[in-house]
Amino acid sequence: MLDPLVEKYLVTAIAPIMKYHEKFYNKLNCFLRDLIDSKGSLPKWFTANFITYARTTLIVPCLLLLARGHRLIPAFIVISVDFGDFLDGVVARYWMDLQKKKDDHDNNKKLKNPSQSGFEFTDQGSLTVFPSWATEHRNKSYGGFIDAVCDKAFVVPCWIFLLSSVSGTGIVRFVQNKTLFWLILAEIASGCVRFRAFYTAGGIPAPAMKGLDFSTSAVKADHIGKAKQTFEMVGTCLYMLPFVRWIGLLLLMASCPLAYESVRRKVKKRSIYVHLVLEDDSAFNHKTMKFLIQARGLGSKLTVGVSSASPDGDINNKSKTDLTDIILNVCSCSSVNEVIAGAPGKIDQEFMTTHGLDFFVCLPEKQEPASDELLQQQKCLVISEDGTAKPVMLVDMMMGIKED
């Protein structure tokens, strides 16, 4: 019952506001980027992570000033931190563009990341150290992870302190307490989910979806995050000031459904199924491991079915030892949650429903085990070599998968 109400709120209230929100921040982004480019170059130490750490440390003077009864300066600090959150994104894109230009000019640059497609190692008689997939992925995604966590590390202590300064009696006091308490719980829950996602990431980025939107909402996830951030920070700033306290409270109340929706989307369950045939045991190598990691990135749970039967019903006569080996190989993959031994050669909707599975995921030219029913319902997804995923249509089954 709550989800439809939140969706109605997003469509009627948030979506129209986001049009103006996007225009404002796009212009601000262009202005800051032009300003940075006009300066020639930034100091090497002035990175996005430096800005993130610096603005988070402002929680200390903010709380100390609040404890001494000051309101104007702490409110200014909150707005400065919100601006810093936008600035570190501009700086991050600046350094990424700079690195990309450097790489483009270096025509002799070797692929140093084993997770990149086309990687090839040439032994030159010297030791070479490569990062693992997991290490490389965490290094790349660390900036976005720490940015989101530091946002919460700043604003949650502010809300906890503001609980002690709630004024009014009766329903007025009740609304203020419940609003702050709800936001504190929502942001702590969101932070816990982000920590878990970061440290359990498989090492390969999740495929980008094409032709299918997992979200059931008309408002994009990044729009919800941006609106929530603006409402929370501006609302907190105004709530600290006695003469506009009620405006700040209204903004904080408006951010509560956004905080709920943000957490709901992060914990939404989506079960992915991958089908492996016994005859493919010899191909269980880094390519298969990469595929399983990518498949896991499309959902919250990955189930792998191991079958000794082909889609036509023919039984493979390999020994029980071979079947045991492939099951153990799959079980050893940290991205896999469950293994179904003895899965049927043809996967239909009844099988998917019985085991609580949502999508059948495969590689190009490997969609034969999926029934026509799954293809018609767009429940069969193919992961291409370019790292994108798209639904396989029944016509694709007959004519071959068409690459974009």
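Look up: the structure comes first, before these words.
A brief structural summary. (Residues numbered from 1 in each chain as written. Predicted model: local features only at pLDDT ≥ 70, side-chain atom pairs only at ≥ 80, totals over all residues. Heavy atoms only, no water.)

### Things to note about the overall build of the protein
Phase 1: The helix and strand inventory of the protein stands at 13 helices and 7 strands.
Phase 2: Per-residue burial over the protein gives 41% buried out of 404 residues.
Phase 3: In the protein, once contacts between residues fewer than 6 apart in sequence are set aside, the share between residues at least 24 apart is 73%.
Phase 4: When the accessible surface of the protein is totalled, it reaches about 22500 Å², and 60% of it is carbon and sulfur. (Helix = DSSP H or I, 4+ residues; strand = E, 2+ residues; numbered from the N terminus. Buried < 20%, exposed > 50% of the residue type's maximum accessible area, 1.4 Å probe, protein only. Contact = heavy atoms within 4.5 Å. Areas by Shrake-Rupley, 256 points an atom, 1.4 Å probe, with all protein chains shown as cover.)

### Quick word on the pairing of strand 7 (residues 388-391)
Phase 1: Judged by which residues are buried, strand 7 turns out to be covered on both faces: T388 and K390 on one side and A389 and P391 on the other are all buried.
Phase 2: Bridge count for strand 1 (residues 208-209) against strand 7 is 2 bridges, and the pairing is parallel. Residue pairing in the sheet places A208 in a bridge with T388 of strand 7.
Phase 3: For strand 6 (residues 380-383) and strand 7, the ladder comprises 3 bridges, and the chain directions are antiparallel. Each bridged residue has a counterpart across the sheet, and for V382 the counterpart in strand 7 is K390.
Phase 4: Here strand 6 folds back onto strand 7 in antiparallel fashion, the turn holding 4 residues, of which G387 has a positive phi close to 80°. (Pairing = 2+ DSSP bridges.)

### Comments concerning the sheet that holds strand 1
Phase 1: As summarised here, the arrangement of the 7 strands in space is 1-7-6-5-2-3-4, forming an open sheet in which the pairing is mixed. Pairing within the sheet leaves two strands with one partner each, and these edge strands are strand 1 and strand 4 (338-341).
Phase 2: The pairing of strand 2 (residues 271-277) with strand 3 (residues 301-307) spans 7 bridges and is classified as parallel. Looking across to strand 3, one finds that S271 is bridged to K301.
Phase 3: Each of strand 2, strand 3, strand 5 (359-362) and strand 6 touches helix 9 (residues 286-297); the most contacted strand, strand 3, lies at about 135° to it. (Axes fitted to C-alpha atoms, helices over the stretch in contact; angles between N-to-C directions.)

### Here we look at a nonpolar patch on the surface
Phase 1: Together, I171, V172, F174 and W246 make up a nonpolar patch on the protein surface, roughly 420 Å² of accessible area in all.
Phase 2: The leading source of residues in the nonpolar patch is helix 6 (residues 170-199), at 3 residues.
Phase 3: You can see F174 is positioned in helix 6.
Phase 4: Overall, F174 belongs to the partly exposed group, its relative accessible area being 46%. (Patch = residues over 30% accessible without salt bridge, like charges linked within 9 Å, V, L, I, M, F, W, Y side chains within 5 Å. Salt bridge = Lys/Arg side-chain N within 4 Å of Asp/Glu carboxyl O.)

### What to know about the packing of helix 5 (residues 133-162) against helix 7 (residues 221-240)
Phase 1: Direction vectors running N to C along helix 5 and helix 7 enclose 35°, while the axes themselves pass 11 Å from each other. Like other packed secondary-structure pairs, helix 5 and helix 7 cross with a definite hand, here left-handed. Contacts from D151, K152, F154, V155, C158, W159 and L162 in helix 5 reach K228, Q229, E232, M233, T236, Y239 and M240 in helix 7.
Phase 2: Of the residues in the contact of helix 5 with helix 7, the class split is 8 nonpolar, 2 polar and 4 charged. (Left-handed = near helix turned anticlockwise from the far one by under 90°. Nonpolar A, V, L, I, M, F, W, Y, C, P; charged D, E, K, R; others polar.)

### Quick look at the packing of helix 6 against helix 7
Phase 1: Between helix 6 and helix 7, whose axes approach to 13 Å, the crossing angle comes to 140°. Judged by the inter-axis angle, helix 6 sits oblique to helix 7. In this structure, the crossing between helix 6 and helix 7 has a hand that is left-handed. Of the residues in helix 7, those in contact with Q176, L180, L183 and E187 of helix 6 are K228, E232 and Y239. (Parallel < 35°, antiparallel > 145°, perpendicular 65-115°, else oblique.)

### A word on unusual backbone geometry
Phase 1: Positive phi outside glycine occurs at Q378, with the angle close to 55°.
Phase 2: Positionally, Q378 belongs in the loop between helix 12 (372-376) and strand 6.
Phase 3: The partly exposed category is assigned to Q378, whose relative accessible area is 24%.

### Observations concerning the nonpolar core
Phase 1: In terms of nonpolar packing, the biggest core is built from 29 residues, with C62, V78, F154, W159, L180, Y239 and M240 touching the most fellow members.
Phase 2: For this core, the secondary-structure elements that each account for two or more residues are helix 3 (59-67), helix 4 (72-105), helix 5, helix 6, helix 7 and helix 8 (245-267).
Phase 3: Ranked by the residues each element gives to this core, the list is headed by helix 5, at 6 residues.
Phase 4: Contact partners of F154, with chain neighbours within four places excluded, come to R55, T56, L58, I59, C62, I77, V78, V81 and M233.
Phase 5: Counting residues in each nonpolar core, the second largest holds 22 residues, with I272, L298, V304 and V306 among its members. (Core = buried A, V, L, I, M, F, W, Y, C linked by side-chain atoms within 4.5 Å.)

### A word on the environment of L2
Phase 1: Mapped onto the elements of the fold, L2 is located in helix 1 (residues 2-38).
Phase 2: Judged by relative accessible area, L2 falls into the partly exposed class, the value being 45%.

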